[in-house]
Amino acid sequence: MPDKKCSEIEQNDCVMPVRSANPIRARSLIRDNLEKQAGCLNLIHSRMPNIKVFSGTSHPDLAQRIVDRLGIDLGKVVTKKFSNLETCVEIGESVRGEDVYIVQSGSGEINDNLMELLIMINACKIASASRVTAVIPCFPYARQDKKDKLPGSEDNAEAKKLAKKNYDWKFRSRAPISAKLVANMLSVAGADHIITMDLHASQIQGFFDIPVDNLYAEPAVLKWIKENIPEWKNSIIVSPDAGGAKRVTSIADRLNVEFALIHKERKKANEVASMVLVGDVKDKIAILVDDMADTCGTIVHAADRLVEAGATKVYAILTHGIFSGPAISRINNACFEAVVVTNTIPQDGHMRDCPKIQVIVTYYCSLPLLLTTVALRNCVDL
């Protein structure tokens, strides 16, 4: 016989009884009650521990949008460099016993920004912060998550010939797994929790011994497609590589449209050797979906391949628009109707140089997690 005890939360004059034999169900009912009862939600906000949100120098606009939505002020922090280019960070207010969130994206001067984030985490931790959460919209070094297969190890004469000819391939067996190194650095610095978005590889979460929340831009992507592509029902979702197949199938299923993928082979990093399209895109609107674009060689070649295969229009939707090197000129000269990215990386300069680039504002994606985490931590022993 199940235990017929009931869970009950009592907060001053606001009582929200939740009756369930299943503790997981009880927590779900608690969550629903918190959302539905405005009076109780206000009480929770008044009793929740103080949140401190600090911003690094990589993306202050995103941090400002988050605190504006939360209704709090951005924490005071001073970042400067010594004459020898060492980074110095000073937290300008007390964080003792506070729930601290540090917003820093892996963009721009990545190494300096990563070091700045580590120093900020450590500064808050040794200043007796109760909990430090690193909000990293674009996780740095995410593409270095494994050792690439060595072509010379395959039973293939051409691959072995390439391995001998191409110096870059010879030492891949001794390549670092830098994403794991970054995970270790964040943990050692004192981070208690990581919030990020659309990791290049989901297994990066396993590199951490602390909680990691990998948020997804998919809801915002679906909304943009339905609102901005009138003939989206005649579209096909395309992955520019086999690794993104799971991502595009999920979006295609939600839209009830077909999907395709492109198999690519690289000679070396940032250089695509060949592409093979798997799927029928003739007389359809092709929507390329990927987690990031750096030099944009892949998506531009993919767009050309889709037009050759009969696609009427080509869109590209990317979570992280890095756009380094020749990326902007390539997009300007490509056949895209639009290249849509989220604001995990600042895009103001890119949008000025390329009118095809559009931004989906996804800062709200992290807010439910921030609010729910704090509210439930204060109200329920999870």
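Note that the structure is a prediction, hence the values are computed from the model and not measured.

Caption draft 1: Region of the structure containing the packing of aromatic side chains. Tallied over the full model, the rule gives 2 aromatic pairs. Where Phe139 meets Phe208, the ring centres are 5.9 Å apart and the plane angle is 80 degrees; that geometry is what we call edge-to-face. Taken together, the residues Phe139 in the loop between strand E7 (131-136) and helix H5 (157-165) and Phe208 in the loop between strand E8 (193-197) and strand E9 (212-215) connect sequence positions 69 residues apart. Classification of Phe139 by relative accessible area gives buried; the value is 5%. We classify Phe208 as buried; its relative accessible area is 7%.

Caption draft 2: Highlighting the pattern of salt bridges. In this structure the tally under the stated criterion is 11 salt bridges. The salt bridge partner of Arg254 is Glu218, with a shortest N-O separation of 3.1 Å. With a gap of 36 residues between them, Arg254 in helix H9 (residues 245-255) and Glu218 in helix H8 (residues 218-228) connect regions that are remote in the sequence.

Caption draft 3: Layout of the nonpolar core. One finds Ile225 and Ile237 to be the most contacted residues of the largest nonpolar core, which totals 35 residues. Grouped together as the second largest cluster of nonpolar side chains are 31 residues, Leu118, Ala142, Ala201 and Ile204 included.

Caption draft 4: Spotlight on unusual backbone geometry. The phi angle at Tyr141 is positive, at roughly 65 degrees, despite the residue not being glycine. When you line up the elements, Tyr141 lands in the loop between E7 and H5. Positioned with a positive phi, Asp283 is a non-glycine residue whose angle comes to about 60 degrees.

Caption draft 5: Main features of the packing of H8 against H9. Two numbers describe how H8 lies on H9: the axes approach to 11 Å, and their chain directions differ by 50 degrees. Compared by their axis directions, H8 and H9 come out oblique. Every pair of crossing elements has a handedness; the one defined by H8 and H9 is right-handed. In this structure, H8 uses Glu218, Val221, Leu222, Ile225 and Lys226 to contact H9, whose residues at the interface are Ser250, Ile251, Arg254 and Leu255. Partitioned by chemical class, the residues of the contact of H8 with H9 number 5 nonpolar, 1 polar and 3 charged.

Caption draft 6: Focus on empty space enclosed by the protein. Tallying each qualifying case throughout the model produces 2 cavities of 30 Å³ or more. A volume near 40 Å³ is recorded for the second largest cavity. As for the second largest cavity, its lining consists of Gln104, Ser105, Gly106, Ile110, Asn113, Leu114, Leu117, Ile136 and Pro140. Tallied by class, residues from the lining of the second largest cavity come to 5 nonpolar, 4 polar and no charged.

Reading the values: rules and limits
- Residues numbered from 1 in each chain as written.
- Predicted model: local features only at pLDDT ≥ 70, side-chain atom pairs only at ≥ 80, totals over all residues.
- Heavy atoms only, no water.
- Phe/Tyr/Trp six-rings, centres within 6.5 Å; stacked < 30°, edge-to-face > 60°.
- Helix = DSSP H or I, 4+ residues; strand = E, 2+ residues; numbered from the N terminus.
- Buried < 20%, exposed > 50% of the residue type's maximum accessible area, 1.4 Å probe, protein only.
- Salt bridge = Lys/Arg side-chain N within 4 Å of Asp/Glu carboxyl O.
- Core = buried A, V, L, I, M, F, W, Y, C linked by side-chain atoms within 4.5 Å.
- Axes fitted to C-alpha atoms, helices over the stretch in contact; angles between N-to-C directions.
- Parallel < 35°, antiparallel > 145°, perpendicular 65-115°, else oblique.
- Left-handed = near helix turned anticlockwise from the far one by under 90°.
- Contact = heavy atoms within 4.5 Å.
- Nonpolar A, V, L, I, M, F, W, Y, C, P; charged D, E, K, R; others polar.
- 1 Å grid on protein atoms, 1.4 Å probe; cavity = no way out; pocket = protein on both sides within 12 Å on 5 of 7 lines; lining within 4 Å.
- Points joined across faces, edges and corners; volume = space filled by probe spheres on them.

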